[in-house]
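# Descriptive structure summary
These are the residues of each chain, in order.
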Amino acid sequence: MGTTALSVLERRVSEQIGDYIEVAVTTAIAANTSIVSTNLRNYDGGQDSYFVDWWVYITDKANIATLRQISAYTSSTGTLTVRGASLSSDSADLATIRLHRYDRNLYVNAINDAVRETFPTFHKRVDIIELVTGNILPNSHFRDWAVSTAPDKYSMQDSNITATANTTGGNYRGGGKSMKSLTGASGAGKYVYISSDSYPRLLDLMGNQVSFYCWALPEVANDASIQIYTVKADGTAQTLTSTTACPAGEFTLLTLEDQSLNDDLVEIQFRFKTTTASKYVYWDNARAIGRNQKEYLLPTDLVSGVLSSVEIQADGRSDFWADDLLPRAWEEVHDWQVLDDGTDKFIRLGNLYNDDRLIRLRGYAPLSTVSAYTDTVEIDGRFLNRFVAYCKYKLYQSIEGPVASQDVGRYELQSAKAYAEYERLKNIRMLPPKLQLRIREY
């Protein structure tokens, strides 16, 4: 299934309700509140004030993503005056603008409402090969980022190190994403970490032998290391650090094997450390093996979606099977279940499996919601017609309330027509993946 950008979805919806104009400005935007495009004269019927109270959205150049309401318009010069502070100067660049009668945010909200409300009629397929048997670390491929500044369940030591999600090919290993950490000018020896304070299950490793692994691609040779840090109630601490050599610009598996952790711990941390200030490291496929594991944190896509089938890696070529990028053989699992602790969801396997095997999760989830102009939704082709119909229905619903009483009936009629169009196209729907036979655990 392909994808469609928000810019295209917005255009499709607004075109179908007769509320779409896109033109280039004919005078570069200056540091004031004027936008000049003589191209607008093709649409204004020669009337001053034609576009008053419309909304203008600037799609590129220095004012990209700026949305303003129009307070005045002069037809002879094609000049819009917008409310709010002065715009930024575009120098000689000519921006592109879109005009709508309705606030553009209503279109975005309608599209996102349609994403949520049409599931599972419209969905994205999910095929995740990232969980590893025996691994207690959650989100270990750094796939999920509820906020852009830290992968879910992980934190920064302090402000001298930052983290961003990376999806650039060659800078992740397995999955489709890695974590890029970057130290600041005073960031020598800083680290990203996960702590039992925020993920208490890590404390189950106390008193055990633990092996910690992570793939790292450093900017500077031998600049990346991994650490296990523990603290007892009396303040006794352990700091165990890897010594694996790692060349610059290439992924290396960092290892910290067979480490005996103290008992009676009050905190355990797993750290991803960068030695040099102002340098980056890409991290991927982290795992901590040290106790029998049956439960694994579900990736976010499947928390809001449906898990259809589970498989375990059946063979491997790497020293650790979990380091294979795409195994060729899988064994079906039939005794799994999804558990919800009120905060997170976990998949629980009925049996124990050998450590360091990949777990394959297949299912389907709601389409992605959008906000930025270039954000995409996992839908295209013939499915767009029905999806856009529902978007129109949600848009008309949103403008029924605040309009004048004499207009309510007109908008309600348009809303009903849009929903009828959605129903008329009901044969256009996505088929979910086949559900796996499951055997109850006793």
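Now for a look at the structure at hand. (Residues numbered from 1 in each chain as written. Predicted model: local features only at pLDDT ≥ 70, side-chain atom pairs only at ≥ 80, totals over all residues. Heavy atoms only, no water.)

Looking now at the side chain of aspartate 44. Within the secondary structure layout, aspartate 44 lies in the loop between β3 (34-36) and β4 (55-58). Buried charge without a partner: aspartate 44 forms no salt bridge, and the closest opposite charge is arginine 41, 5.5 Å away. Here tyrosine 73 takes part through its side chain, which lies 2.5 Å from a polar atom of the side chain of aspartate 44. At 2.8 Å, the side chain of aspartate 44 and the side chain of serine 75 are in polar contact. For aspartate 44, the contacting residues outside a window of four places in its chain are Tyr50, Phe51, Tyr73 and Ser75. (Helix = DSSP H or I, 4+ residues; strand = E, 2+ residues; numbered from the N terminus. Buried < 20%, exposed > 50% of the residue type's maximum accessible area, 1.4 Å probe, protein only. Lys, Arg positive; Asp, Glu negative; His and termini not counted. Salt bridge = Lys/Arg side-chain N within 4 Å of Asp/Glu carboxyl O. Polar contact = N/O pair within 3.5 Å; in protein donor to acceptor, adjacent residues only side chain to side chain. Contact = heavy atoms within 4.5 Å.)

Moving on to the packing of helix α1 (residues 6-16) against helix α2 (residues 104-117). Orientation of α1 relative to α2, taken along the N-to-C sense of each, is 105 degrees, at an axis distance of 10 Å. If you check the angle between α1 and α2, you find them roughly perpendicular. Each of Leu6, Leu9, Glu10, Val13 and Ser14 in α1 lies in contact with α2, whose residues at this interface are Arg104, Tyr107, Val108 and Ile111. (Axes fitted to C-alpha atoms, helices over the stretch in contact; angles between N-to-C directions. Parallel < 35°, antiparallel > 145°, perpendicular 65-115°, else oblique.)

Within this model, the largest pocket holds a volume of roughly 620 Å³. What lines the largest pocket is a set of 17 residues, among which Lys124, Asp301, Ser368, Thr369 and Glu378 lie closest to the centre. No other element matches strand β8 (residues 124-132), which puts three residues into the lining of the largest pocket. When the residues that make up the lining of the largest pocket are grouped by side-chain class, the tally is six nonpolar, five polar and six charged. Size it by volume and the second largest pocket reaches roughly 360 Å³. Taken together, 23 residues form the lining of the second largest pocket, with Glu130, Arg143, Gly175, Gly176 and Lys177 sitting closest to its centre. When residues of the lining of the second largest pocket are traced back to their parent elements, those giving at least two are β8 and α3 (300-303). At four residues, the largest contribution of residues to the lining of the second largest pocket is made by β8. Across the lining of the second largest pocket, the residue classes tally to seven nonpolar, six polar and 10 charged. (1 Å grid on protein atoms, 1.4 Å probe; cavity = no way out; pocket = protein on both sides within 12 Å on 5 of 7 lines; lining within 4 Å. Points joined across faces, edges and corners; volume = space filled by probe spheres on them. Nonpolar A, V, L, I, M, F, W, Y, C, P; charged D, E, K, R; others polar.)

In short, the description is geometric, and any link to function would need to be established separately.
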